[in-house]
Amino acid sequence: MPEDLKIPTHIAFIMDGNGRWAKRRLMPRKYGHKMGVEALKRVIAVCEKLGIKEVSFYAFSTENWSRPQDEIDALLAMIKKFADEEMKEYVDKNYRIRFMGELHRLPEETQKALENIARAAANNTGIVVNIGINYGGRDEIARAAQKAASAAQPVTVEAISARLDTAGMSDPDVIVRCAGEKRLSNFMLWQCAYAELVFVDDFWPDFNEETIVRILKEYSGRERRFGGLK
Ligand code: IPE
Ligand code: IPE
Ligand code: MG
């Protein structure tokens, strides 16, 4: 590991390119998503090993409901399987599992499985693993603003931050978009204010330790000013 690598507190990933990764192998998109789950497991393990405290992933957007129903079903089935298998193990490993997005649109048994995981992990003190499911940044901000208004609170920056799905987490230091795309696609729109954006061409299913180290090298060379002077 290079000595001068800066380790962010919070890194966030927009997992993309599963479909293209599969297409290149003449395989169905679903296979790309399956291998995407394998990459997710690898990346969580690498981030934990590197001492990163919080890691966020975009798994399913509020716009992804516009995909063909069989792809949606496959994605939801993988989320349920991931909850039943890996996430249970993560809870035992002291990882704090959280979700962002509105889970109520998911099949009831998936929703229950995710809620049980989040509850079981609520007092864990290890790496925070935050997963966006039926997540959209605009939806999250609107819900938070509505909560502040309903509590008859002045709608301030603090009042909104405290009611976001990420309440209590730090803002991401780095947001990674992969598969050659250079957009946020409705991801962490509030939290991205001073995040360093890193764009890589790698498809998500290919992510491994080398990819993460390459991203952190790029991050380590960035000068962050937060609007102040150096
Ligand atoms: C990312 O891969 C996974 C989700 C958005 C759920 P894609 O399915 O978007 O893959 P591409 O972008 O079509 O290659
Ligand atoms: C972003 O990927 C959403 C997730 C990773 C869940 P998309 O593939 O849905 O985004 P666009 O359509 O390329 O912007
Ligand atoms: Mg995509």
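Residues numbered from 1 in each chain as written. Chains lettered and ligands numbered in written order. Predicted model: local features only at pLDDT ≥ 70, side-chain atom pairs only at ≥ 80, totals over all residues. Heavy atoms only, no water.

S.K.: Help me get a handle on the site of ligand 2, residues and values and all.
M.R.: Inspection of the region around ligand 2 gives I14, M15, D16, Y58, A59, F60, S61, N64, R67, R177, R183 and S185 as its neighbouring residues. A distance of 3.2 Å separates an oxygen atom of ligand 2 from a polar side-chain atom of D16. One of the side-chain nitrogen or oxygen atoms of N64 is found 3.0 Å away from an oxygen atom of ligand 2. Taken by itself ligand 2 offers 390 Å² of open surface, and the protein chains cover 78% of this. (Near = heavy atom within 4 Å. Polar contact = N/O pair within 3.5 Å; in protein donor to acceptor, adjacent residues only side chain to side chain. Areas by Shrake-Rupley, 256 points an atom, 1.4 Å probe, with all protein chains shown as cover.)

S.K.: Please give an account of the environment of F199 that cites residues and values.
M.R.: Along the chain, F199 falls in strand β6 (residues 196-199). Remark: the alpha-carbon pair of F199 and E48, spanning 151 residues in sequence, is separated by 22 Å. Once you skip the residues sitting within four places of it in the chain, F199 turns out to touch R177, E181, K182 and R183. (Helix = DSSP H or I, 4+ residues; strand = E, 2+ residues; numbered from the N terminus. Contact = heavy atoms within 4.5 Å.)

S.K.: Describe the nonpolar core, listing the residues and the values that go with them.
M.R.: Among the nonpolar cores identified, the biggest contains 53 residues, and I11, F13, F57, I97, W204 and F207 are the most heavily contacted of them. Here this core takes 11 residues from helix α3 (residues 69-92), the largest share from any one element. What F13 contacts, discounting residues up to four positions off in sequence, is V43, C47, V55, S56, F57, Y58, V176, F187, W204, F207 and I212. (Core = buried A, V, L, I, M, F, W, Y, C linked by side-chain atoms within 4.5 Å. Buried < 20%, exposed > 50% of the residue type's maximum accessible area, 1.4 Å probe, protein only.)

S.K.: Talk me through the site of ligand 1; I want residue IDs and the actual numbers.
M.R.: With respect to spatial proximity, 13 residues lie near ligand 1, and among them D16, G19, R20, R29 and R67 are the closest. Within the side chain of D16, a nitrogen or oxygen atom sits 2.9 Å from an oxygen atom of ligand 1. A distance of 2.8 Å separates an oxygen atom of ligand 1 from a polar atom in the side chain of R29. Within the complex, 87% of the 380 Å² of free accessible area of ligand 1 lies under protein. Of all the cavities here, the one that holds ligand 1 is the largest pocket. Elements with a minimum of two residues in the shell around ligand 1: α1 (18-24), α2 (29-50) and α3. By residue number, the principal contributor to the shell around ligand 1 is α1, which donates three residues. (1 Å grid on protein atoms, 1.4 Å probe; cavity = no way out; pocket = protein on both sides within 12 Å on 5 of 7 lines; lining within 4 Å. Sits in = over half its atoms within 2 Å of the grid points.)

S.K.: Tell me about the packing of aromatic side chains, and please be specific about residues and values.
M.R.: Applying the stated criterion across every chain yields a total of 13 aromatic pairs. Arranged with centres 4.6 Å apart and planes meeting at 25°, the rings of Y58 and F187 form a pair that is stacked. A residue pair is termed long-range when its members are at least 10 positions apart, and Y58 in strand β2 (residues 54-61) and F187 in the loop between β5 (174-177) and β6 qualify at 129 residues. Ring geometry for Y194 and F226: centres 5.5 Å apart, planes at 45°, overall tilted. Taken together, the positions of Y194 in the loop between β5 and β6 and F226 in the segment after α7 (209-220) put the pair 32 residues apart, joining distant regions of the chain. The positively charged end of R25 is found above the aromatic ring belonging to W21, 3.9 Å away from the centroid. (Phe/Tyr/Trp six-rings, centres within 6.5 Å; stacked < 30°, edge-to-face > 60°. Lys NZ or Arg CZ within 6 Å of the ring centre and 35° of its normal.)

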